[in-house]
Each structure stands twice: as C-alpha cells, then as structure tokens.
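# Structural description and commentary
If you want the building blocks of each chain, they are given just below.
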Amino acid sequence: MSDTPENAGAVPAETEADLTGVAARVAPKPEVEKIGGRKLKPSTLMMGHGYDPALSEGSLKPPIFLTSTFVFPNAAAGKRHFEGVTGKRPGGAEGLVYSRFNGPNQEILEDRLGVWEEAEDALAFSSGMSAIATLFLAMVKPGDTIVHSGPLYAATETLIGRVLGKFGVKWLDFPAGATREEIDAVMTEAATGNVALIYLESPANPTNALVDVEAVAASRDAIFKGEKPPIAIDNTFLGPLWFQPLKHGADIVVYSLTKYVGGHSDLVAGGVLGTKEHINTIRTMRNTIGTITDPNTAWMLLRSLETLELRMSRAGENAAKVCAFLRHHPKVERVAYLGFLEDEPGMERQADIYRRHCTGGGSTFSLYLKGGERESFAFLDALKIAKLAVSLGGTETLASHPAGMTHLSVPDARKQALGITDNLVRISIGVEDPDDLIADFEQALETI
C-alpha cells in the first residue's frame, strides 16, 4: 500500500543518511492485524486500520485534511518524492506532495479498501467512471484491442466504443454467460491483434448475468503465450462482501464506490484494486489527469466502510425475502435474482458460476414484468417506499427502468440481444423493514 499519513513524509531508513538535516519523525504505532495468531476480519480493521490517533492530536477519527499542498522537510526529500510521482522511481510518492497525487484521507481509504480483497494496492477516484476511464487510458493505446463481456454499464460501453474508438482502439465482446468455448473463440480472434486489456462486469448491469472469471483467466492463459493482457472486472454489484474476483483469476478490480461502499447515496467516488505493478501504472495516469477523489469524500467513505458489512448483510437478507414474494406473483414474468439460480431450469451454468464465485445473492436484481413499457412505468409510478431513481447499493430501496433510463443510449438491437427489454425493472433493495417493502411492491403490482 502507499504510505499512510502517519508515516507519509517519513524518511525511509535507507535514505536517511542522504537527506542531511532532516529531523527524525515520530513513527506510527505498529498496525494490529493479528491477535494471538488470529487474523482480524475486515469489519474489525475498518475501525482503525492505517490511522494512529496519537499523530493527529488524539482525534479518534481521521481529520479531513483540506490542503492543496504539503511541506517538504528539505529539497532532497522533495526531489525523491517527485521521482516517485513522475514514475522515475517505482512505487509512487513516498509521502505527501500535492493533493492531485495523494492525501492523508485518500491513503487511509486506499489501505482499507485493499483489506477487503487482500489486494496489494488500491487507488481512489472521483467517480466510478473516472476510475474506469483512468484504467483504460493507462492500459491501452491506438490500435490496441479491448476484449470485454457484455452487457457493460452503458457509460462504459460508450467510453469503449465511441470515445476510445475515435483514437483507433478496437473491441470484441462475448456475452456475460459465455461458455469456455465461446470465450476461446473471441480470445482467439482478438489475439490476431494486440489485446491490451480484458474487461469484465459481473453480474452484468442490468441483466444480473454472471461472468465465469475462472474460465476467462484459463482462456487468456491458454491463448496468449507471451505477455498476457490483464483481466479487470467491475465488481460493484457484489463486492466486496459477496464476490472477491482477485481470488478467481482477475488482476484488477474496479468499483463505483458510490454504491455499496459509500452506501448512503450522498457521494460519488470510484476505486481500483490490484497488484502493485498494475496499480503503479494506473497511479501514474491518475497523477497526470487528476482523477483522485477529494479529501471530504474520502473521509465520508471511511465512515461508510465501518458499516459496510452490516448494511450489505441486511440488504441481502431483505432482498431474499422480497424476491421470494415477487417470483410467484401472477404479474411477474421472472425475477433475475442470483439466489434463485439453483432452482431455475436452463440456468445450470450460471448456477455453477455462482457456486464457485459468490458467497451471496446480493441485493440488486432485475424484475421482468408481464407486459412492456406501459406496465413497467405503471409499477414504478405507484411505488411509495421505493424511490424511482438510478444507482444502487444505498440504504434506501431504488427502482429504475434501464431500457428507458441508464441504457437508453444503447442501440435498440444491442439492447434486445442483451436482454435489456422494456419489461425489465432494476431494483436495489435497501435496509428498510422487508415486510414494508413487500407491501409496497404488492400494491404497486396491483396497479398494472
């Protein structure tokens, strides 16, 4: 991880002799990650990991560090910092330099994000899309090919096809539920060019189709004999509680921290986790274009991380109860909820991926109503507790119409091919009383 604020700016032991005149700084207390051989859980580490109150006037919580720049102890230290920032020395800045590069709140946040998935390093961004855009800009160049699963979040598809496409970046895709043979076919075709990145989204937005990350990794390793393109995955829908892709072959994990991690619908942020090698490459691009999150948002995310497991667990329990009611309602065609995969005919492959990859069904699902846009709109307009709004993963229940809202810009033929139909309503269950939510959905369905 990058240095936390307590040792940010501290002079490494091997360079102290070179930086004459630098007063020794107080070292932070050692991190407590084990007690009596027991490795502490992420939910415990969220309460203090990466922060020493003694180095911030005894404040129980990290202060918000609202500063644009940081003071160097001497000129030699400043040079060393900029060697890291500019990439002349691997690993980024050793300490705090300028708030476009790093800051105390952001570094504590990045340390704690990495804990959940045991990632080597992590970066925080000003939005989920700024994280994705910075990743792409760091990894691809004109003439390269991106292989991706489909569907993706509409803005991600727009970024790949319409923005990067203008600069000569090509793409090939396979459906989220593709078999190993289907993945191999696309990989083989793509390998005739220079594949710079394999980008996945699982579950797919908004169909909830799962990608077999292990099969993608095996296909990549079998087909690309030389340098292998990294596998990045958007884990917003299930992570980090219900799915940890780094354990299944992914190299980089992307988050819209706006969603479950932020969890209160009051901030916008993004995150990228992965190996130090890949994160250093992405950090250099972030330093250049300035897509880092701000200190206040980072501080709010630290607050949210303390209750992440509690919120996601409650929302997941609620979703299971709500979906159990919805699946048998006469006006519902189908409920695309991961917890039902084991029982659904024709979904054996998806059920297999779910067993191998996931620890829970999540709390965001797709509801297919009997009818089309008229019935979907009538249902949405009748909701009283659930809010008609895009986004997901907040404490409140949200419902939206992807075909007419978030995925409106996707061409009609592609929407149809991907299953983004007019009768699809996406629902993100919150932490309200589940019986109250069921009553709300029941009365809304009666209006159709």
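Up top is the structure.
Residues numbered from 1 in each chain as written. Predicted model: local features only at pLDDT ≥ 70, side-chain atom pairs only at ≥ 80, totals over all residues. Heavy atoms only, no water.

### Some details on the sheet that holds strand E11 (residues 364-369)
Spatially, the 5 strands line up as an open sheet ordered E10-E11-E14-E13-E12, and their pairing is mixed. The strands lining the two open edges of the sheet, one partner per strand, are strand E10 (332-336) and strand E12 (387-388). Relative to strand E14 (residues 424-428), E11 runs antiparallel, the two being bridged by 5 bridges. If you follow Thr364 over to E14, its bridge partner there is Ser428. Here helix H12 (residues 373-382) sits on the sheet in contact with E11, E12, strand E13 (398-400) and E14, set at roughly 30° to E14. (Pairing = 2+ DSSP bridges. Helix = DSSP H or I, 4+ residues; strand = E, 2+ residues; numbered from the N terminus. Contact = heavy atoms within 4.5 Å. Axes fitted to C-alpha atoms, helices over the stretch in contact; angles between N-to-C directions.)

### What about the sheet that holds strand E6 (residues 195-201)?
If you walk across this open sheet you meet the 7 strands as E3-E9-E8-E7-E6-E4-E5, and the pairing is mixed. Looking at strand neighbours, the two that pair on one side only are strand E3 (121-125) and strand E5 (170-175), the edges of this open sheet. Within this sheet the neighbouring strands show an average axis-to-axis angle of 20°, counted without direction. Packing of helix H8 (residues 276-289) onto the sheet brings it into contact with E3, strand E8 (252-256) and strand E9 (270-274), and relative to E3 it is tilted by some 25°.

### A closer look at the environment of Gly193
Turning to its location among the elements, Gly193 is positioned in the loop between helix H6 (180-190) and E6. In this structure, the C-alpha to C-alpha distance between Gly193 and Ser130, residues 63 residues apart in sequence, is 27 Å.

### Concerning the pairing of E11
E11 sits mainly inside the fold: 6 of its 6 residues count as buried. A two-sided burial pattern is seen for E11, the buried positions comprising Thr364, Ser366 and Tyr368 on one face and Phe365, Leu367 and Leu369 on the other. (Buried < 20%, exposed > 50% of the residue type's maximum accessible area, 1.4 Å probe, protein only.)

### Details of the environment of Arg100
Along the chain, Arg100 falls in the loop between helix H2 (75-85) and helix H3 (104-117). Sequence-wise, Arg100 and Leu437 are 337 residues apart; in three dimensions their C-alpha atoms are separated by 43 Å. If we ignore the near neighbours within four places in the chain, the residues touching Arg100 are Arg286, Asn287, Thr288, Gly290 and Ile292.

### Considerations on the packing of aromatic side chains
What characterises a pair of aromatic rings is the spacing of the ring centres plus the angle enclosed by the ring planes. Counted according to the given criterion, the structure contains 8 aromatic pairs. Geometrically, the ring pair formed by Trp242 and Tyr260 is edge-to-face, given 5.9 Å between the ring centres and 85° between the ring planes. On the criterion of sequence distance, the pair formed by Trp242 in the loop between strand E7 (231-234) and E8 and Tyr260 in the loop between E8 and E9 is long-range, its members being 18 residues apart. With relative accessibility at 3%, the residue Tyr260 sits in the buried group. Measuring from centroid to centroid gives 6.5 Å for Tyr337 and Phe365, while their planes differ by 80°, and the two rings are edge-to-face. Linking Tyr337 in the loop between E10 and helix H11 (348-357) with Phe365 in strand E11, this pair joins segments that are 28 residues apart in sequence. When sorted by exposure, Tyr337 lands in the same class as Phe365, which is buried. In this arrangement the basic side chain of Arg286 is found over the ring face of Phe125, its NZ or CZ atom lying 5.7 Å from the centre. The ring of Phe340 is capped by Arg327, whose NZ or CZ atom sits 3.7 Å from the centre of that ring. (Phe/Tyr/Trp six-rings, centres within 6.5 Å; stacked < 30°, edge-to-face > 60°. Lys NZ or Arg CZ within 6 Å of the ring centre and 35° of its normal.)

### As for a nonpolar patch on the surface
A cluster of nonpolar side chains, Ile64, Leu66 and Trp299, forms an exposed patch at the surface whose accessible area comes to about 290 Å². By secondary structure assignment, the location of Trp299 is in helix H9 (residues 295-305). Judged by relative accessible area, Trp299 falls into the partly exposed class, the value being 31%. (Patch = residues over 30% accessible without salt bridge, like charges linked within 9 Å, V, L, I, M, F, W, Y side chains within 5 Å. Areas by Shrake-Rupley, 256 points an atom, 1.4 Å probe, with all protein chains shown as cover. Salt bridge = Lys/Arg side-chain N within 4 Å of Asp/Glu carboxyl O.)

### A closer look at the state of the cysteines
Under the criterion given, the structure shown has 0 disulfides. In this structure Cys358 is not part of a disulfide, and its nearest cysteine sulfur, from Cys323, lies 15 Å away. (Disulfide = S-S within 2.5 Å.)

### Re the side chain of Ser56
Take Ser56: it is sitting in the loop between helix H1 (42-45) and H2. What Ser56 contacts, discounting residues up to four positions off in sequence, is Tyr51, Pro63 and Phe65.

### Some remarks on unusual backbone geometry
Put simply, Ser202 and Pro203 share a cis peptide bond, and its omega is -5°. Tracing the chain through its elements places Pro203 in the loop between E6 and helix H7 (213-223). Residue Asn205 is joined to Pro206 through a cis peptide bond whose omega torsion reads 10°. For Pro206, the position within the fold is in the loop between E6 and H7. In this structure, Glu57 is a non-glycine residue whose phi angle is positive, near 60°. As for its position among the elements, Glu57 is in the loop between H1 and H2. We note that Glu118 has phi near 55°; this positive angle belongs to a residue other than glycine. With respect to the helices, strands and loops of the structure, Glu118 is situated in the loop between H3 and E3.

### Considering the nonpolar core
Phe174, Leu200 and Val216 are the most contacted members of the largest nonpolar core, which totals 61 residues. Judged by nonpolar contacts, the second largest core, of 25 residues, contains Phe340, Phe379, Leu380 and Leu445. (Core = buried A, V, L, I, M, F, W, Y, C linked by side-chain atoms within 4.5 Å.)

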